[in-house]
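Architecture and fold: a report
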Amino acid sequence: MKAGSDRRGSVSRERDSARRDMTTEALSSTPPVPRSANPPKTAFVFAGGGSFGSVQVGMLRALLSHGVTADMVVGASVGAMNAAYFAGMPTAEGVERLAGIWRSLHRQDVFPITWRTVLGFIRRRDFLISADGVRRLIDTHVPYRNLEDAKLPLHVVATDLLSGGTVVLSKGPVAQAIVASTAIPAAFAPVQLENLYLADGAITCNTPVRVAVARGAQRLFVLPTGYACAMEAPPRGAIASALHALTLLIARQLLHELHGLESGIEYFVVPPLCPLSGSPHDFSQTDKLIKRAAESTHTWLAEGGLTRREIPPQMHAHNHHRLLELSDRRVTTPGHSFCKSSNLPPIGLFELR
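A quick note: this is a predicted structure, and the numbers were derived from the prediction, not measured.

Regarding the side chain of threonine 286
Turning to its location among the elements, threonine 286 is positioned in helix H11 (residues 286-302). Beyond its immediate chain neighbours, meaning those up to four positions away, threonine 286 contacts Ser51, Ser54, Trp102 and Arg103.

As structure tokens, then:
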């Protein structure tokens, strides 16, 4: 009896393993396309960043006015929301409509925290906020219901909370995919899909550069949201602090992913806004951020941004508040000016007193 039980247990484990492999494959997009099989494809890669996602709208406005187009889009976290909308209407008109959506947003639309949600968190002890607000935004504004119905191939990146692996969603309900990709742990509940528990894609794949390359892209336009480099103190509030930490992580991960790309991959990183203050939890400055990002990207394009394969210095670790307190012992990186403010020195790596 024991031998038979062990044998049945082994078969069951093998069946569960096979089912998991099949599920992950089904959730992922079509198999990676060999880069030699097709002409070079251009991908727009949207990073995460909370309310700083509005910056990507200004970047899109400038890129499209310059004639830059995409063959596919890839997004994680809030970048998945922007990617999904753009994939459904990849035109200048679509970008302006997306700008209008961002300008109409308030914090409560995305993070509806009330005394009821706090009490619910105490009782459930697993997540703080319902994802109903995010789902309502998607259902109201995204003009299609399934990922495969977008006008451009769309790949949404999420994280499997049990394995820590990256899951790429390219088919199925768009709302479910975006809610999963934006599900910040503890703030939102993970999304269960088959035998997977999915959470924010920024956990494992902050800027899904490698996902775009695996799907056949040879030319990448990376749209980072940046981080609040001009803050004088950490943001107040649990969610605001978590989002700020996440934007720092995203910037670091972007550097890692780009440095690891093959030399044959052409990439352009649109410079994020710098200096940038505020919080990725604050939706009150979205219109200003969109306009600043459009102007900044226009300037970058006019100054030959598309002729350089480089990582903008704004992506490297820095803080404008601390820059003013630097000692004379510092290491400078020639040409690395993090913003065009005349009162800040061109500093790359530095030591604090």
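Read on, since the account is not over.
Examining the nonpolar core
Ranked by internal contacts, the top residues of the largest apolar core, which has 93 residues, are Phe44, Leu63, Val73, Phe86, Leu154, Leu220 and Leu258. Ignoring any residue separated from it by four or fewer positions in sequence, one finds leucine 63 in contact with Phe44, Val68, Phe221, Leu223, Val270, Thr297, Trp300 and Leu301.

Overview of the environment of valine 167
In this structure, valine 167 sits in strand E4 (residues 166-169). Among the residues examined, valine 167 registers a relative accessible area of 3% and is labelled buried. On a C-alpha basis, the gap between valine 167 and valine 156 in space is 8.3 Å, while along the polypeptide they are 11 residues apart.

Some thoughts on the environment of valine 57
Tracing the backbone through its elements, the reader meets valine 57 in helix H2 (residues 54-65). Given the relative accessible area of 0%, valine 57 is considered buried. Through-space distance from the C-alpha of valine 57 to that of leucine 289 is 8.9 Å; in sequence the pair is 232 residues apart. The contacts of valine 57, once residues within four sequence positions are left out, are Asn82, Val95, Leu98, Ala99, Trp102 and Ile290.

What about the packing of H2 against helix H4 (residues 92-104)?
The geometry of H2 relative to H4 is characterised by a closest axis approach of 10 Å and an angle of 160° between their N-to-C directions. One element, H2, and the other, H4, form an angle in the roughly antiparallel class. You can see that H2 and H4 cross each other, and the crossing is left-handed. Seen from H2, the contacting residues are Ser54, Val57, Leu60, Arg61 and Leu64; seen from H4, they are Ala92, Val95, Glu96, Leu98, Ala99, Trp102 and Arg103. Within the contact of H2 with H4, the residues separate by chemical class into 8 nonpolar, 1 polar and 3 charged.

Cut-offs used in this document
- Residues numbered from 1 in each chain as written.
- Predicted model: local features only at pLDDT ≥ 70, side-chain atom pairs only at ≥ 80, totals over all residues.
- Heavy atoms only, no water.
- Helix = DSSP H or I, 4+ residues; strand = E, 2+ residues; numbered from the N terminus.
- Contact = heavy atoms within 4.5 Å.
- Core = buried A, V, L, I, M, F, W, Y, C linked by side-chain atoms within 4.5 Å.
- Buried < 20%, exposed > 50% of the residue type's maximum accessible area, 1.4 Å probe, protein only.
- Axes fitted to C-alpha atoms, helices over the stretch in contact; angles between N-to-C directions.
- Parallel < 35°, antiparallel > 145°, perpendicular 65-115°, else oblique.
- Left-handed = near helix turned anticlockwise from the far one by under 90°.
- Nonpolar A, V, L, I, M, F, W, Y, C, P; charged D, E, K, R; others polar.

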